[in-house]
Amino acid sequence: MDWIVSVVAATIGYAAPVLYASLGEIISERAGVLNLGLEGVMLIGAVTGYITAVESGSLALAILATMLAGMLTGLVYAVLTVTLQTNQVVSGLALVTVGTGLSGFFGKPYTAVTGLEGFKNLAIPGLSQIPVLGPMLFKQNVMVYALYILVPLIYVFLYKTRPGLKLRALGENPGALDAAGMNVFGMRYLYVILGNAIVALGGAYFTLAYIPGWQDSITAGKGWIAAALVIFSSWNPAMATVGALIFGGVEVLGLRLQVLFPNIGIPTYFISMLPYVATVLVLILSTGSFRKHRKPGPAALGAFYDREAR
Amino acid sequence: MKIRFEKREKLHPVWKLLNPVICIVLALLACSFLVIAIGKDPVAAYGKLFSGGFGSAKKLSESILQAIPLMFCALGVSISFKMSINNIGAEGQYVMGAMAATGVALFCPWIPHALVIPAMIIAGFAAGALWAMLAVIPKAFWNVNETIITLMFNYVALLFVDFLLFGAWRDTSLNLNYSPAYPEYAMLPKVFGTRINSAIYIAIIAAVCIYLFFDKTTRGYQIRVIGSSVRAASYAGMNIRTNILIVMLFSGGLAGLAGVAQASGAVGRLQQNFANGTGYTAIIVAYLSKFNPFTVLIVSILFSGLSYGSVATQLVGVPDQVGVVIQGAILIFVLGGEIFSRNRLIITRREKETALAKKGATK
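Scanning chain B from terminus to terminus reveals 14 helices and two strands. Considered along the principal axes of its C-alpha atoms, chain B spans approximately 95 × 60 × 35 Å. In chain B, buried positions account for 53% of the 363 residues. Residue pairs at least 24 apart in sequence account for 76% of intrachain contacts in chain B once pairs closer than 6 positions are excluded. Averaging the positions of the 30 positive and the 14 negative side-chain charges in chain B gives two centres separated by 10 Å.

Take a look at the structure:
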């Protein structure tokens, strides 16, 4: 039982950064803007958070700086895709390249810096005493607790509020919003910037909560996995949570089974492949044309809005 | 003040030429602020960057040598992008090609020595092609988006090669994650006393073939049509599935050849982190070249010079990642600049606008 509890608790920890990135991407894709640059944004968030934390000693400031850096990438991305109408797939790749380069550039002096405290696991008094569930859910770090609030918040916003309805319409039929006198461009800017701020937090999770420290490309493809999760989730934050937990579980189980049965002799390399292989399988199973009820993405996703072509 | 875009009929040829130059200059300018931000001198850094990449015949030939795998990857990427297949898995296809070549070079002693290099080339092409085709089977059969899947295959390929290098293929006499060195007969001959290897001829031939394929053959025409509209193509009776597989066969095969060229032409063994991001740089190169195979060859040399030269920037205290940032920035400026070649920028002043509006009101 203890083993199961610890596996679930670790799973939540592994799922958190991917979930942050997925949530941010859901917001941006719901607004009709495809951002495949998650990996780059996460890296920028990761390095910004780490440098700020090391230099200022304040984790709160680090989170603030991370979000600001994420918003800045969002602004650049919105200028490119919304105003300058660039190809969104290639722009996303450009963002990955720039993010990888920039994070390595500024992070270089910090690769050897260790000893940052980072976010520690905090047991919530009372709640953590609940048998089984308590130690699973309420002995986590602050960044995980923030997700407990963020996921329902985004869910309610998307499906139960008027601005959320407009956000969904923005990705389905921007022309209708424009006809109703709303500012399609301004709203897309807003949501891309907001989305990227959340994505950047996913990166900071690696350097502030996971194992405090910085190294090049520390996110190791998690940004891409998050992009796949968004498709799997049908752009729904609740489903994205389920998806992120499955991935976290695959990673944790791979590691734990190896510890439990060292004699099976599955090399670590194959266990490290699991999340990537799982991503491929999940994408095929959730979006393959053999599915009868295949949920399409936002209708206007990936297309720039051209008023003249309306 | 109001800014709007108006469609442009044709772009003046001078602008067409100037466009990339402006983008490169803007990217360099933007990145110079980064160098200033870390308190270093951008002029000194760029001086080192360019002299390190292109400064002498020796440096230039080294840049060309390093450009060879980039050329193959970018040629491969550009044919898939021409059909709007976002193959971003060149990195993994490259590594698979290098792995297959290494397998032939080191572990197939029964092949006559004279045939080892041809066998490596075939094996490398086949391995890259298979890896690429495997990644698009979901696309071809169930219309699953290929972008993320091709990328996921990169991580799997890299981990698999790591598995070999840390285990069965490891050179136990060294304390590094290297395979044993290739025998002499498995090394590609050099071009006239330089370190550049003869794989560059294959790259040039491949570029010519790609050009002829798209320009002169029915299949090439079909692929271009599918690239601009899948619906139109399938309505015209073209077989999308076959074409996807064919395109990926060559796209991945070419990336696989990059692995052969690098392993058997430059490094002489398989190492960890062998591709080192070349497969990703290739996407930028392909896009900047507008998928034209000859432009790909030239832009590859430019980009490999930027990477190779950026090592020298460390001498003036600037991290070598500045090379990658510049490459990414060039792409961003090129992407952002495209709208200006498609459209004319119209800026109208507010007063004029209100005056016009008043005129309309009195009418």
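The next thing to look at is the domain arrangement of chain B. All names here are of chain B. What the domain assignment lists for chain B is domain 1 (1–38 + 319–363) and domain 2 (59–306). Each partner contributes to the interface: domain 1 provides 10 residues, whereas domain 2 provides seven residues. Of the roughly 770 Å² buried between domain 1 and domain 2, counting both surfaces, carbon and sulfur atoms make up 76%. Our enumeration of links across domain 1 and domain 2 arrives at two residue pairs in polar contact (both at pLDDT 80 or more). Top contributing element to the side of domain 1 that touches domain 2 by residue count: helix 13 (residues 322–342), with nine residues. Residues belonging to the side of domain 1 that touches domain 2 are distributed by class as follows: six nonpolar, three polar and one charged.

Residues and elements named next belong to chain A. With 19 residues, helix 6 (residues 142–160) should cover 27 Å at 1.5 Å per step; its first-to-last C-alpha distance of 27 Å lies within 8% of that length. Looking only at helix 6, the buried set comprises Met143, Val144, Tyr145, Leu147, Leu150, Val151, Ile154 and Leu158. With a side-chain oxygen lying 2.9 Å from the backbone nitrogen of Met143, the N-terminal cap of helix 6 falls on Asn141.

Each pair of packed helices can be summarised by the angle the axes make with each other and by the distance between the axes. Residues and elements named next belong to chain A. As a packed pair, helix 1 (residues 2–30) and helix 10 (residues 222–232) sit with axes 8 Å apart at the nearest point and diverge in direction by 50°. One finds that helix 1 runs oblique with respect to helix 10. Along this stretch, helix 1 crosses helix 10, giving a crossing that reads as right-handed. The residues of helix 10 that touch helix 1, namely those facing Val18, Ala21, Ser22, Glu25, Ile26 and Glu29, are Lys222, Ile225, Ala226, Leu229 and Val230. Of the residues assigned to the contact of helix 1 with helix 10, the class counts are seven nonpolar, one polar and three charged.

Moving on to a nonpolar patch on the surface. Residue and element names in this part refer to chain A. Together, Met1, Trp3, Ile4, Val132, Leu253, Leu257, Leu260 and Phe261 make up a nonpolar patch on the protein surface, roughly 730 Å² of accessible area in all. When residues of the nonpolar patch are traced back to their parent elements, those giving at least two are helix 1 and helix 11 (237–260). With respect to the element layout, Met1 can be found in the segment before helix 1.

This part covers the interface of chain A and chain B. With 47 residues of chain A at the interface, the matching set in chain B holds 47 residues. Carbon and sulfur atoms make up 79% of the area that chain A and chain B hide from each other, which totals about 3,900 Å². In this structure, the connection of chain A to chain B is made through one salt bridge. Residue contributions to the side of chain A that touches chain B peak at 12 residues, all from helix 4 (residues 88–107) of chain A. Along the lines of polarity and charge, the residues of the side of chain A that touches chain B split into 27 nonpolar, 14 polar and six charged.

On to the packing of aromatic side chains. Both the distance between ring centres and the angle between the ring planes are used here to describe each pair of aromatic rings. Under the criterion given, the structure shown has 25 aromatic pairs over all chains. Considering the side-chain rings of Phe138 of chain A and Tyr148 of chain A, the 6.1 Å spacing of their centres and the 85° angle between planes classify their relative orientation as edge-to-face. Taken together, the positions of Phe138 of chain A in the loop between helix 5 (133–137) and strand 2 (139–140) and Tyr148 of chain A in helix 6 put the pair 10 residues apart, joining distant regions of the chain. On the basis of relative accessible area, Phe138 of chain A is assigned to the buried category, the value being 16%. Ring centres of Phe290 of chain A and Trp142 of chain B lie 5.5 Å apart, and the angle between their planes is 80°; this geometry places the pair in the edge-to-face category. Pair noted here: Phe290 of chain A is in the segment after helix 12 (268–287) and Trp142 of chain B is in helix 5 (residues 113–142), and the two residues belong to different chains. One aromatic cluster in this structure is built from Tyr269 and Phe270 of chain A together with Phe160, Phe163 and Phe166 of chain B. In this structure, Lys82 of chain B packs its charged tip against the face of Phe214 of chain B, placed 4.6 Å from the ring centre.

All names here are of chain B. Mapped onto the elements of the fold, Pro180 is located in the loop between helix 6 (146–166) and helix 7 (199–216). Along the chain, Pro180 and Asn292 lie 112 residues apart, while their C-alpha atoms are 38 Å from each other. Excluding its chain neighbours within four sequence positions, the residues that come into contact with Pro180 are Leu106, Trp169, Arg170, Asp171, Gly268 and Arg269.

Right, let's talk about the pattern of salt bridges for a bit. Residues and elements named next belong to chain B. For the coordinates displayed, the defined rule picks out six salt bridges over all chains. Close ionic contact of Arg195 with Glu62 constitutes a salt bridge, the shortest N to O distance being 2.7 Å. Residue Arg195 is found in the loop between helix 6 and helix 7, and its partner Glu62 is found in helix 3 (residues 57–82); the two are separated by 133 residues along the sequence. Arg195 sits in the partly exposed class, given a relative accessible area of 45%. Of the charged contacts, one joins Lys139 and Glu146 as a salt bridge, the two residues approaching to 3.4 Å between their closest N and O atoms. Residues Lys139 and Glu146 agree in their burial class; the two are buried.

Moving on to the side chain of Thr52 of chain A. Residue and element names in this part refer to chain A. Residue placement: Thr52 occurs in helix 2 (residues 38–56). In this structure Thr52 comes out as buried when scored by relative accessible area, which is 17%. In this structure, Thr52 is in contact with Gly57, Leu61, Ala62 and Ala65, ignoring residues within four places of it in sequence.

Rules used in this analysis
- The residue count restarts for each chain, going from 1 along the sequence in the order it is written.
- Numbering of ligands from 1 and lettering of chains from A proceed in the order in which they are written.
- Where local features are concerned, this predicted model is filtered to residues with pLDDT of at least 70; where side-chain atom pairs are given and counted, the filter is 80 or more; whole-chain, interface and lining totals use all residues.
- Values shown for side chains rest on all heavy atoms present in the structure; no hydrogens or waters enter the calculation.
- Helix numbers and strand numbers start at the N terminus; a helix is a DSSP run of H or I with at least 4 residues, a strand a run of E with at least 2.
- Burial here depends on accessible area, computed with a 1.4 Å probe over protein chains only, as a share of the maximum for the residue type. Under 20% is buried, over 50% is exposed, and the range in between is partly exposed.
- The contact definition used throughout considers only heavy atoms, calling two residues in contact when any of these lie within 4.5 Å.
- As used throughout, the charge tally considers Lys and Arg to be positive and Asp and Glu to be negative, leaving His and the chain termini uncounted.
- Just so you know, the charge point we use is NZ for Lys, CZ for Arg, CG for Asp and CD for Glu.
- Domain delimitation in this document rests on an assignment produced automatically or drawn from a domain database.
- The term buried area means the drop in 1.4 Å probe accessible area that two parts suffer when joined, counted for both and summed.
- Two N or O atoms count as a polar contact when they lie within 3.5 Å, although within protein this holds only if one can serve as hydrogen donor and the other as acceptor, and sequence-adjacent residues are included solely when both atoms are side-chain atoms.
- In this count, Pro and Cys sit with the nonpolar residues alongside Ala, Val, Leu, Ile, Met, Phe, Trp and Tyr, while Asp, Glu, Lys and Arg are called charged and the others, Gly among them, polar.
- To estimate the expected span of a helix, subtract one from its residue number and multiply by 1.5 Å.
- Axes, fitted as lines to C-alpha atoms, cover a helix only where it is in contact. Angles between the N-to-C directions of the axes lie from 0 to 180 degrees.
- Angles are sorted into four bins: roughly parallel if under 35 degrees, roughly antiparallel if over 145, roughly perpendicular if 65 to 115, and oblique for all others.
- In this scheme the handedness of a crossing depends on how the near helix is turned from the far one: anticlockwise by less than a right angle means left-handed, clockwise means right-handed.
- The patch calculation keeps residues exceeding 30% relative accessible area without a salt bridge and links them within 9 Å when they carry like charges or within 5 Å when they are nonpolar (Val, Leu, Ile, Met, Phe, Trp, Tyr).
- Areas reported here follow the Shrake-Rupley algorithm with a probe of radius 1.4 Å; residue values treat only the protein chains shown as occluding.
- We define a salt bridge as a side-chain nitrogen of Lys or Arg found within 4 Å of a carboxyl oxygen belonging to Asp or Glu.
- Only Phe, Tyr and Trp rings are paired, with Trp represented by its six-membered ring, and only when their centres lie within 6.5 Å; those with planes under 30 degrees apart are stacked, over 60 edge-to-face, the remainder tilted.
- The rule is short: NZ of Lys or CZ of Arg within 6 Å of the ring centre and within 35 degrees of the ring normal puts a charge over the ring.

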